[in-house]
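Residue-level listing of the chains:
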Amino acid sequence: MRRDFKEPARCRPDLVIGREELFGSARDQLVRGGSVLLHGPAGIGKSTVLRALAADYGESAHTVLRCSATESESHLPFLALADLFGLVLDEISDKLPSAQRTALESALTGRGESTLQRDGLALRLAVLSALRALAAAGPVLLVADDLQWLDPASAELLGFAARRLGDTPVQLLCAVRTEGQEYDRHLRASPPDTLAVRLNPLSRSQVSALLDHRGYTALPRSTVREIHRTSGGNPLFALELGRALGENPAPPRPGEPLPVPTSLRALVLSRLDMLSDEARRTLLVASAGARPTLSLLHAAGRENAEAETAQAAALGLLATESEAPAVRFAHPLISAALYAEAPAQERRAVHAALSTAASDPIERARNLALATTGTDPEVAARLAEAAALARDRGAPSVAASLGLLAARHTPPDGSPAPDEHRLQAAEDSITAGEVDLARDIAREVLTRATVPADRIRAWEVVIEAAGQALGEVDSVFPQALADAGDDPRLLALVHYHLAWRKLIVEGDFAEARQEAAHTAELAARGGDRRTELFALSFQASTEILMGHPLAPTTIKRALKEPQDPYVACHHNGAGMARFRWLLMSDQLPEARATITGLLREVRRRGMVESEVHFQRFLADTELRSGHCGRALDLARESLRLARDSGIGLGASAMLTSLAEASGGDVDRALVLAREAADRAEEDGDQMYLSRALAALGYAQLVAGDAAGTVASLRRVRELEHGLGITDPARGRWQGDLAEALVRVGEPGEAQDVIDVTREHALRLGREGVLAVLDRAEALVRAAHGDHEAALARLTSVQDRLAKLGYGLEEARAAFAMARLRTRRAGPTSYDEAARLFRRCRALPWLRQVDAAALEGTAEPVPPTRAAPAADALEGLASMERQVAALVMEGATNREIAARLFISVKTVEATLTRVYRKLGIRSRVDIVRLAAGRQAK
């Protein structure tokens, strides 16, 4: 019968938030028969992971023995041993030699005197024999938490046995508190095959997920960010801080640290009593400073700062960095707890000292505000100046905090009014990606604002904070239009967001374009150049996606002077519209240079939302260029930033799915694509729904699920038709749909997709799309048995894609050609495709090449004996092969020149070389050669 002693409430592995990879590696180690030692600092989550592993893996063990030591009981000898063996002693005692049984019973029951000094060998052998006796009936799992509090006698006995278990099916799953590498001592007392697993701090998104799971869902993202910073990613500390905020919903004052609950203060400040009073005051000054240094402490009146900080470092309160000028706390929570412990009057005195000691004007203003009570126009003015300086430095989050402080110190009848400072703070919060804080500020202003301009600014913030979920703020638009009245400037602001609503919620590109044009006219009448530029940029973007002939003209209007620096680098500005045009027009180097410059500028300005989008677009550019590894790194970073900020999650998940399918993990790509599609469905965002489904279709194609690809991409076709999107360069999914249709036995529908798409691509000059369509058409021809024409088409396609710079698509063409050319088993015919995929770091595709090479012919072709001239055709140079292939298709010299971007004279000269190499006299002989190859 299976036994599990002292089993607590089950902890499901899916609740181990942020530890999924770690949990998987530890479980794999246990499955292999090894042991695991979890280690890390207090509160890092060792016990949670330990319980989850025991609950998950313990089912496969015949016997599970448990012990959990505590500091208060660590002086009691053999206590852990009693926890482990107390309930099984009667069962195993008769299996032990008499001397061992007597020693073990005495140690566990306390009925006789037993010590390591007197019965050392008998006790050591008894523990080893007991474990072997239990293992004889089935595998044994020994679960021990808090090894650091294990009584020394039990630790010695267990270590002796662990080192001698050999092949006995006994595994140890243990956790120990460590700060550095001192886990080595416990590892030496474990079985030789023990895996040491260190638990590191959680990321900001993981802390956010943990807080959500525990019910702290109403916390603004700015607060979650501060919880993560203060806790240092420690889950216990984060949960305690979240609990304190939940019990005291009043947020901390701007510029001040989070409130620290008493439980954490006692935990991290236990060593504070060992400091002198003067050293404690010095640390308080350091805790109140943004970037404390010894020179700052001296300027703030702490004359003996060196000695006092050295005393604190010796106690582990400060990190020791002899080369660094900064005074850094060993953990952010120590600083926050120290500040929270100090009386309010003492804190104000510290801030007053820092308001004159700090060299930075932003720091001086912040400390002056925190040292001042009540309203003070002079303090408010200095805070507003500091906020403007922070904005110029690219620190909008700091600017928002200073703006809120300015509002707090501004008299009700002050000029500017308190709400003007609040609205500026809300707009800075939007720039910084702190949308929850921005929305809360705007909603508060709307409860009392009566000036139409202030109300429209607040409504704008509420709409911006909704992101792609514009359907959730539908009720805002009638109220905003009413507040705008007949003022063209205010109306332009509202109609700009209405244009976005028509695109995202209604999915109507034509209406969105008209609304944007109307907005530009209103803004021009109202003298609002910034809104006019935004509207023109939006109009240009919709026209690009629609394939509208006026798109280039509108882009020029949006780029016309005078420009607004903020709009110029914004993700909805003219720079972005130009980038989109370049990308869709196959101008990859220029597109890369443009988006790289935009990304550099928004990072300098601290524009988080634009950074999320531009990083994703740079990843898209690299992916199209065939730099899959680089694209994957950028996409993953964009997704991390999106998760941290709550901005652009669906779009980032969509692009990361494409990058994963091309250069990473296909299963991960499928998960991300479905996540993006679900989010778009939830937000009612039809525009990104089609993009997400296109990503899903591509991932399904790479995964070998052609039927799934067809289902996903047919829906994309329907959605884009309804949206009025005619430019195939927007999503470039049409070639994938045609290829999947061929795979499922629908070449007729595939040809229809190719024909319809080619018409639009020819009209818009989308050469990259045309090349991919030709690749798909080659597969259609091959499906009809016309392999030679298919090979000729693929030869041309590969070189055209290489010339355009589409590395991954070029490799896919080479792969398709290898599939058709292979006439016998062996990897040699796939060498070119493998080389190109390897150059792109397209690992999922490379695995497909390897599989095809092992299988031989993925698409069997009857073996034929090629004519000598045909063999010679294979040996032509790249350009010669392209020209010959197009001649075989019946193309004229002028058509060949247009397709290959060369002159007619170059075509003629190339043909002359082809004739000479093949031993023929005219293009008619090339056509005959093609016909002869098809007949064989």
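Quantities reported herein were computed from a predicted structural model and do not represent experimental measurements.

1. Considerations on the overall build of the protein
Stage number 1. Of the regular secondary structure elements, the protein holds 49 helices and six strands.
Stage number 2. Sequence separation of at least 24 residues holds for 67% of the intrachain contacts in the protein that already meet a minimum separation of 6.
Stage number 3. Summed over all atoms, the accessible surface of the protein reaches about 39,300 Å², with 52% contributed by carbon and sulfur.
Stage number 4. Measuring between centres, the 115 positive side-chain charges of the protein sit 5 Å from its 124 negative side-chain charges.

2. Re the pairing of strand S3 (residues 63–68)
On any regular strand, side chains alternate: one points to one face of the sheet, the next to the other face.
Stage number 1. Of all six residues in S3, five are buried, a share of seventy percent or more.
Stage number 2. Relative to strand S4 (residues 140–145), S3 runs parallel, the two being bridged by six bridges. Each bridged residue has a counterpart across the sheet, and for Arg-66 the counterpart in S4 is Val-143.

3. Side note on helix H38 (residues 734–743)
Stage number 1. Summarising burial for H38: nine of the ten residues are buried, a large majority.
Stage number 2. Taken together, the buried positions of H38 are Gln-734, Gly-735, Asp-736, Leu-737, Ala-738, Glu-739, Ala-740, Leu-741 and Val-742.
Stage number 3. Packing partners of the buried residues in H38 comprise helix H36 (686–702), helix H37 (706–723), helix H39 (747–764), helix H40 (767–783) and helix H42 (807–821).
Stage number 4. Within two residues after H38, Gly-745 carries a phi angle of roughly 85 degrees, on the positive side.

4. Considerations on unusual backbone geometry
Stage number 1. Omega for the peptide link from Ser-415 to Pro-416 comes to 0 degrees, which places this bond in the cis form.
Stage number 2. Structurally, Pro-416 can be placed in the loop between helix H20 (396–409) and helix H21 (418–432).
Stage number 3. With an omega dihedral of 0 degrees, the bond running from Glu-561 to Pro-562 counts as a cis peptide bond.
Stage number 4. As for its placement among the helices and strands, Pro-562 is situated in the loop between helix H28 (551–558) and helix H29 (565–569).
Stage number 5. Phi at Asp-586 is positive, roughly 70 degrees, even though this residue is not glycine.
Stage number 6. Its place among the elements puts Asp-586 in the loop between helix H30 (574–584) and helix H31 (588–605).

5. Some points on the packing of H39 against H40
Stage number 1. Where H39 meets H40, the axes come as close as 10 Å, and the angle between the chain directions of the two elements is 160 degrees. Looking at the two axes, H39 sits roughly antiparallel to H40. The two elements H39 and H40 meet at a crossing, and its hand is left-handed. Packed against H39, whose contacting residues are Pro-747, Ala-750, Gln-751, Ile-754, Thr-757, Arg-758, Ala-761 and Leu-762, the element H40 presents Val-769, Leu-770, Leu-773, Asp-774, Ala-776, Glu-777, Val-780 and Ala-783 at the interface.
Stage number 2. Here the contact of H39 with H40 is built from residues that sort into eleven nonpolar, two polar and three charged.

6. Some remarks on the packing of aromatic side chains
Stage number 1. Applying the stated criterion to the full structure yields eight aromatic pairs.
Stage number 2. Every member of this aromatic cluster is reached through a ring pair, and the members are Tyr-496, Trp-500, Phe-534, Phe-538 and Tyr-566.
Stage number 3. One residue, Arg-616, lies across the ring of Phe-617, its end atom 4.7 Å from the ring centre.
Stage number 4. Just above the ring of Trp-581 sits the side chain of Arg-766; from NZ or CZ to the centre is 5.3 Å.

7. Describing the state of the cysteines
Stage number 1. The full count for this structure, using the stated rule, is zero disulfides.
Stage number 2. Cys-628 provides the cysteine sulfur closest to Cys-840, a residue in no disulfide bond, and the two sulfurs are 5.2 Å apart.

8. Notes on the pattern of salt bridges
Stage number 1. Enumeration according to the criterion identifies 54 salt bridges in this entry.
Stage number 2. Asp-94 is the partner of Lys-95 in a salt bridge, and the nearest nitrogen-oxygen pair spans 4.0 Å.
Stage number 3. Asp-94 gets classed as exposed once you look at its relative accessible area, which sits at 59%.
Stage number 4. One salt bridge in this structure joins Glu-532 and Arg-529, with 3.2 Å as the shortest N-O distance. Of this pair, Glu-532 and Arg-529 both sit in helix H27 (residues 529–546), three residues apart, roughly one helical turn.
Stage number 5. You can call Glu-532 buried: its relative accessible area is 15%.
Stage number 6. A relative accessible area of 22% means that Arg-529 is categorised as partly exposed.
Stage number 7. One salt-bridge network, held together by shared partners, links Asp-736, Glu-739, Arg-743, Arg-775, Glu-809 and Arg-812.

9. Comments concerning the environment of Leu-37
Stage number 1. Of note, Leu-37 is situated in strand S2 (residues 35–40).
Stage number 2. On the basis of relative accessible area, Leu-37 is assigned to the buried category, the value being 0%.

10. Thoughts on the side chain of Arg-691
Stage number 1. Of note, Arg-691 is situated in helix H36.
Stage number 2. Despite its burial, Arg-691 remains without a salt bridge, the nearest opposite charge being carried by Asp-620 at 4.5 Å.
Stage number 3. When sequence neighbours within four positions are dropped, the list of residues in contact with Arg-691 reads Met-654, Arg-730 and Gly-731.

11. Considering helix H25 (residues 488–504)
Stage number 1. Look at H25: 24 Å from first C-alpha to last across 17 residues, which is about the 24 Å you get at 1.5 Å a residue.
Stage number 2. Extensive coverage of H25 is indicated by the burial of 15 of its 17 residues.

12. Some details on the packing of H28 against H30
Stage number 1. The N-to-C vectors of H28 and H30 enclose an angle of 150 degrees; their axes lie 9 Å apart at closest approach. By the angle class used here, H28 and H30 are roughly antiparallel. Seen from above, H28 lies across H30 with left-handed handedness. Residues Ala-551, Pro-552, Ile-555 and Ala-558 of H28 form the contact with H30, whose participating residues are Ala-574, Ala-577 and Trp-581.
Stage number 2. A class-by-class count of the residues in the contact of H28 with H30 yields seven nonpolar, no polar and no charged.

13. Focus on the environment of Ser-829
Stage number 1. The residue Ser-829 is located in the loop between H42 and helix H43 (831–840) in this model.
Stage number 2. The contacts of Ser-829, once residues within four sequence positions are left out, are Ala-818 and Thr-822.

14. Examining the confidence of the model for the protein
Stage number 1. Here the protein averages 86 in pLDDT, while 90% of its residues score no lower than 70.
Stage number 2. Below a pLDDT of 50 lies the segment residues 6–14, which in the model reaches 17 contacts outside its immediate sequence neighbourhood of four places, other chains included.
Stage number 3. The low-confidence segment residues 857–872, where pLDDT is below 50, has 23 contacts with residues more than four positions distant or belonging to other chains.

15. Quick look at the environment of Lys-917
Stage number 1. With respect to the helices, strands and loops of the structure, Lys-917 is situated in helix H48 (residues 904–918).
Stage number 2. Between the C-alpha atom of Lys-917 and that of Leu-876, which follows or precedes it by 41 residues, the distance is 7.8 Å.

Analysis parameters
- Residues numbered from 1 in each chain as written.
- Predicted model: local features only at pLDDT ≥ 70, side-chain atom pairs only at ≥ 80, totals over all residues.
- Heavy atoms only, no water.
- Helix = DSSP H or I, 4+ residues; strand = E, 2+ residues; numbered from the N terminus.
- Contact = heavy atoms within 4.5 Å.
- Areas by Shrake-Rupley, 256 points an atom, 1.4 Å probe, with all protein chains shown as cover.
- Lys, Arg positive; Asp, Glu negative; His and termini not counted.
- Charge placed at Lys NZ, Arg CZ, Asp CG, Glu CD.
- Buried < 20%, exposed > 50% of the residue type's maximum accessible area, 1.4 Å probe, protein only.
- Pairing = 2+ DSSP bridges.
- Axes fitted to C-alpha atoms, helices over the stretch in contact; angles between N-to-C directions.
- Parallel < 35°, antiparallel > 145°, perpendicular 65-115°, else oblique.
- Left-handed = near helix turned anticlockwise from the far one by under 90°.
- Nonpolar A, V, L, I, M, F, W, Y, C, P; charged D, E, K, R; others polar.
- Phe/Tyr/Trp six-rings, centres within 6.5 Å; stacked < 30°, edge-to-face > 60°.
- Lys NZ or Arg CZ within 6 Å of the ring centre and 35° of its normal.
- Disulfide = S-S within 2.5 Å.
- Salt bridge = Lys/Arg side-chain N within 4 Å of Asp/Glu carboxyl O.
- Expected span 1.5 Å × (residues − 1).
- pLDDT = per-residue confidence, 0-100.

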